[in-house]
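Structural characterization, general
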Amino acid sequence: MEMNASYTSHSRHTSYVAVGDSFTEGMSDLLPDGSYRGWADLLAARLAAREPDFRYANLAVRGKLIGQIAEEQAPVAAAMRADVVTLVGGLNDTLRPKVDMGRVRYHLESAVELLAPSCRQLVLMRSPGRNGPVMERFRPRMEELFGIIEGLAARHGALVVDLYGAPALADPRMWDVDRLHLTAEGHRRVAEAVWQALGLPAEQDWRTELPASLPPGWALRRAQDLSFARQHLLPWVGRRLTGRSSGDGRPAKRPELLPFGAPAEEQP
């Protein structure tokens, strides 16, 4: 993980814009009021504690493909001229039954080429992947995506946070019951990983693996599989077949670059 030579641990982080899909929106780190927090909000809170005038925007919307992220979110983020921008996208594309990786590359390049010169530090990711048979099916596509990301980072001076290479984040216990989104603990570790990538002092080792535990019995596993299929898999397949997305018509959670403590709907 290489750091931009002009951007060090002594740099001030006065603003941050998060761009992406459900991973960056914060699913499934659920708050008592029914909203989602997630790693980007956690990172913003920690950066704000160091900088009184810190501002934050989160443009991420669940279900978005990389073409939508590049066309709808990247231009808005670039216009904000933030110190730090995180861009995480493309994984939804790789999970589709059919995907044109050439188009994925094109949209990623477009987004990076727009965002990299607009901010002081662009951060990309090799997203985490849950251990299991579904992951194995899509692994080649994911690794092709990560190769594209690494090449773009090298050309544009972006950081790459390698979550995919961390066994701790592949542990099924780090994933919510939908098997697509991290738990609160998983999001906390991602925030720490990005924090450290920015050259800030580590608070814990986010790669530490969970203590060993006995796997659930056969009956419990089958019950969990049936519940997962009924509540999450079948609706997901239905949306794919009908061309719908869980993010259709949903606005960004924090569309304005505002002081961190300000309500998302407040205008600057």
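Please refer to the structure placed before this passage.
Residues numbered from 1 in each chain as written. Predicted model: local features only at pLDDT ≥ 70, side-chain atom pairs only at ≥ 80, totals over all residues. Heavy atoms only, no water.

The biggest cluster of nonpolar side chains holds 35 residues, and the ones touching the most others in it are Val 17, Leu 87 and Leu 122. Discounting residues that sit within four places of it in the chain, Val 17 has contacts with Ala 57, Leu 59, Ala 77, Met 80, Ala 82, Val 84, Val 85, Thr 86 and Leu 257. One finds Phe 23, Leu 42, Val 84 and Trp 195 within the second-largest nonpolar core, a separate group that totals 33 residues. (Core = buried A, V, L, I, M, F, W, Y, C linked by side-chain atoms within 4.5 Å. Buried < 20%, exposed > 50% of the residue type's maximum accessible area, 1.4 Å probe, protein only. Contact = heavy atoms within 4.5 Å.)

Turning our attention to the sheet that holds strand β1 (residues 15-20). With mixed pairing, six strands are arranged side by side in an open sheet as β5-β4-β3-β1-β2-β6. For this open sheet the edge positions go to β5 (159-162) and β6 (254-259), each flanked by a neighbour on one side alone. Between one strand axis and the next, the sheet turns through 15 degrees on average, direction left out of account. Summarising the sheet, β1 and strand β3 (residues 84-88) pair through five bridges and their orientation is parallel. For Gly 20, the partnering residue across the bridge sits in β3 and is Val 88. Taken strand by strand, helix α2 (residues 39-50) contacts β1, β2 (55-58), β3 and β4 (121-126), and its axis lies near 175 degrees from that of β1. Packed on one face of the sheet, helix α3 (residues 66-80) meets β1, β2, β3 and β6 and runs near 175 degrees to β1. (Pairing = 2+ DSSP bridges. Helix = DSSP H or I, 4+ residues; strand = E, 2+ residues; numbered from the N terminus. Axes fitted to C-alpha atoms, helices over the stretch in contact; angles between N-to-C directions.)

Right, let's talk about empty space enclosed by the protein for a bit. Evaluation of the coordinates by the stated rule reveals one cavity of 30 Å³ or more. Taken as a whole, the largest cavity holds about 60 Å³ of empty space. Taken together, Leu 87, Val 88, Gly 89, Leu 91, Leu 108, Leu 124, Met 125, Ser 127 and Ile 149 make up the lining of the largest cavity. Every element with two or more residues in the lining of the largest cavity is listed here: β3 and β4. (1 Å grid on protein atoms, 1.4 Å probe; cavity = no way out; pocket = protein on both sides within 12 Å on 5 of 7 lines; lining within 4 Å. Points joined across faces, edges and corners; volume = space filled by probe spheres on them.)

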